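Understanding the architecture of this molecule
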Amino acid sequence: MGESTISISNTHHLDLKKAVTRILLYFVVVNVCLLILYPYFVMVCNALKSNSEIFAMKGTILPVEAMWSNFADIWSLAPMGRYMLNSVLIAGGSTLIAMVCGIPAAYALARMKFKGQTAFLGFIIVSQMFAPVVLLIGIYKVMLTLGLTNSLWGLVFINAAFNQAFTIWLLRGTFLSISEEMEQAATVDGCNRVQALLKILLPVAAPGIVTTLIFIFINAWNEYTVALCLISDETLKPITVGINIFNGYNMIEWQYLFAASLFAIAPVVILFMCIEKNLTSGLTAGGVKG
């Protein structure tokens, strides 16, 4: 009887400990989420205010009167549609080039052994240390020589180049996580190496490929410094540079700037919602050591 009572007491104690731990975990998660979402909440609130209310001495976070017209006004005051289209073309083009070049390179590094492979992998890692702003003068001179300044193609190639190392490194880990026996079986069935890559490896590596793709797209979409320096034509500016039209010399129209910023981040949020299921598995596959 005594042992049974002790057993029940221990069970209740463990259940209570698990419940408290879970409550604390939820508390931390909720607070972290609120901390992350708070800046976006402030953006929405300011986008719904008038400029005079934003500069009011005794202002509040919530708007006194929601100015929904701010979201419509920015489309008449600036070529927002053109800015968004330019960003889609730049991010989409650079993502496509980076993936087309990165997949074969990552596959070769994962499956083939060649002299200087370790040094080449080290070079890929080191290349990630250099931000575009560090090489800005050199980039501008190269683009000027090639006649790609003030051109969307110039931004496409630059973003593809700066995301290439990340693409190769992450996809190499994805390919390493896939058993070579699958390729050997495909070879027995009559496939060559290219056919095995296209028909066997790429479908299996889909989560890692999707994860890599979304990160490249986001990096290209958010790029600002190089686009600011290379693009002067108003009709060629991406959304990150174009919204500066509301940042005047005499006054910043904060309500329009916040409203335009919300439109700028919307595609990225939508993409994350679409690939959320593949994100975790893709990052895990890309982290395999080789």
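Scroll up to find the structure.
An account of the accompanying structure is given in this report. Every residue gets a number counted from 1 within its own chain, in the order that chain's sequence is written. Local features in a predicted model are, by the rule used here, given only for residues with pLDDT of at least 70; side-chain atom pairs are given and counted only at 80 or more, and totals for whole chains, interfaces and linings are based on all residues. Calculated side-chain values reflect all of the structure's heavy atoms, with hydrogen atoms and water omitted.

Here we look at the overall build of the chain
The numbering of helices and of strands both runs from the N terminus, where a helix is a DSSP run of H or I of at least 4 residues and a strand a run of E of at least 2. From N to C terminus, the chain includes 13 helices and zero strands. For the chain, the α and β elements follow one another from N to C terminus as α-α-α-α-α-α-α-α-α-α-α-α-α. Note on exposure labels: buried denotes an accessible area under 20% of the residue type's maximum, exposed denotes more than 50%, and partly exposed covers the range between, all computed with a 1.4 Å probe on protein chains only. When the 290 residues of the chain are sorted by exposure, 36% land in the buried category. All accessible areas in this document rest on Shrake-Rupley with a 1.4 Å probe, and a residue is counted as covered only by the protein chains that are shown. Roughly 17500 Å² of accessible area belongs to the chain as shown, and the carbon and sulfur atoms make up 70% of that amount.

A few points about the layout of surface pockets
Taken as a whole, the largest pocket encloses approximately 400 Å³ of empty space. A cavity here means a set of points on a 1 Å grid, drawn over the protein atoms and nothing else, where a 1.4 Å probe fits but cannot get out; a pocket is an open set with protein on both sides within 12 Å along at least five of seven lines, and a residue lines either one if it has an atom within 4 Å of a point. Surrounding the largest pocket, 19 residues form its lining, Gln128, Ala161, Phe162, Asn163 and Gln164 being those nearest its centre. Elements supplying a minimum of two residues to the lining of the largest pocket: α5 (117-127) and α7 (152-176). Considering every element that reaches the lining of the largest pocket, the biggest residue donor is α7, with nine residues. Residue classes follow a fixed rule: Ala, Val, Leu, Ile, Met, Phe, Trp, Tyr, Cys and Pro count as nonpolar, while Asp, Glu, Lys and Arg count as charged, and any other residue, Gly among them, counts as polar. When the residues that make up the lining of the largest pocket are grouped by side-chain class, the tally is twelve nonpolar, six polar and one charged. Grid points are joined across faces, edges and corners, and a volume is the space filled by probe spheres set on the points. Approximately 220 Å³ is the volume attributed to the second largest pocket. Forming the walls of the second largest pocket are Ile36, Leu37, Tyr40, Trp221, Asn222, Thr240, Ile243, Ser261, Ala264, Ile265, Val268 and Val269. Mapped onto the lining of the second largest pocket, the elements with two or more residues apiece are α1 (2-47), α10 (206-222) and α13 (254-286). A per-element tally of the lining of the second largest pocket places α13 first, with five residues.

What to know about empty space enclosed by the protein
In the structure shown here, the tally under the stated rule is one cavity of 30 Å³ or more. Within this model, the largest cavity holds a volume of roughly 50 Å³. In terms of lining, the largest cavity is formed by Ser87, Ile90, Leu155, Asn159, Ala220, Trp221, Glu223, Ala227 and Pro238. Secondary-structure elements contributing two or more residues to the lining of the largest cavity are α4 (80-111), α7 and α10. Residue composition of the lining of the largest cavity, grouped by class: six nonpolar, two polar and one charged.

Notes on the pattern of salt bridges
By convention in these notes, a salt bridge is any Lys or Arg side-chain nitrogen within 4 Å of a carboxyl oxygen on Asp or Glu. Applying the stated rule across the entire model yields one salt bridge. Between lysine 237 and glutamate 234 there is a salt bridge, and its shortest N-O distance comes to 3.1 Å.

Side note on the packing of aromatic side chains
Aromatic pairs are defined between Phe, Tyr and Trp rings, using the six-membered ring for Trp, whenever the two ring centres lie within 6.5 Å; interplanar angles under 30 degrees are classed as stacked, those over 60 as edge-to-face, and all others as tilted. What the rule picks out here adds up to nine aromatic pairs. Relative to tryptophan 221, the ring of phenylalanine 217 lies with its centre 5.9 Å away and its plane at 20°, an arrangement referred to as stacked. Here phenylalanine 217 and its partner tryptophan 221 are both found in helix α10, four residues apart, which amounts to about one turn of the helix. Here the aromatic cluster, defined as three or more aromatic residues joined through ring pairs, consists of Trp68, Phe71, Trp75 and Phe263. Note that arginine 172 overlies the ring of tryptophan 169, its terminal NZ or CZ placed 5.7 Å from the centroid. Our definition puts a charge over a ring when NZ of Lys or CZ of Arg is within 6 Å of the ring centre and also within 35 degrees of the ring normal.

Some details on the packing of α4 against α7
Packing of α4 against α7 leaves a shortest axis separation of 6 Å and a crossing angle of 35°. Judged by the sense of rotation from one axis to the other, the crossing of α4 with α7 is right-handed. Class assignment of the residues belonging to the contact of α4 with α7 gives a composition of 21 nonpolar, seven polar and two charged. Each axis is a line fitted through C-alpha atoms, taken for helices only over the stretch in contact, and angles between the N-to-C directions span 0 to 180 degrees. Helix crossings are classified by the rotation of the near helix relative to the far one: an anticlockwise turn of less than a right angle makes the crossing left-handed, while a clockwise turn makes it right-handed.

Things to note about the nonpolar core
Nonpolar side chains in soluble globular proteins tend to be buried together. Take the buried Ala, Val, Leu, Ile, Met, Phe, Trp, Tyr and Cys residues and link them wherever side-chain atoms come within 4.5 Å; each set so joined is a nonpolar core. Formed by 27 residues in total, the largest nonpolar core has its most connected members in Ile74, Met80, Trp221, Ile239 and Phe246. Only α1, α3 (69-77), α4, α10 and α13 provide two or more residues apiece to this core.

Some points on α7
An ideal rise of 1.5 Å per residue puts 36 Å on 25 residues; α7 measures up with 35 Å between its terminal C-alpha atoms. A large share of α7 lies buried, amounting to 18 of its 25 residues. N or O atoms within 3.5 Å of each other form a polar contact, as long as, within protein, one can give a hydrogen and the other can take it, and as long as residues adjacent in sequence are counted only when both atoms are side-chain atoms. Capping of α7 at its N-terminal end is provided by serine 151; its side-chain oxygen lies 3.2 Å from the backbone amide nitrogen of tryptophan 153. To estimate how far a helix should extend, the number of its residues minus one is multiplied by 1.5 Å.

Regarding unusual backbone geometry
In the Ramachandran plot, asparagine 150 falls in the positive-phi region, its phi being about 55° despite a non-glycine side chain. With respect to the helices and strands, the residue asparagine 150 is situated in the loop between α6 (136-146) and α7. Of the residues examined, asparagine 150 reaches a relative accessible area of 27% and is grouped as partly exposed.

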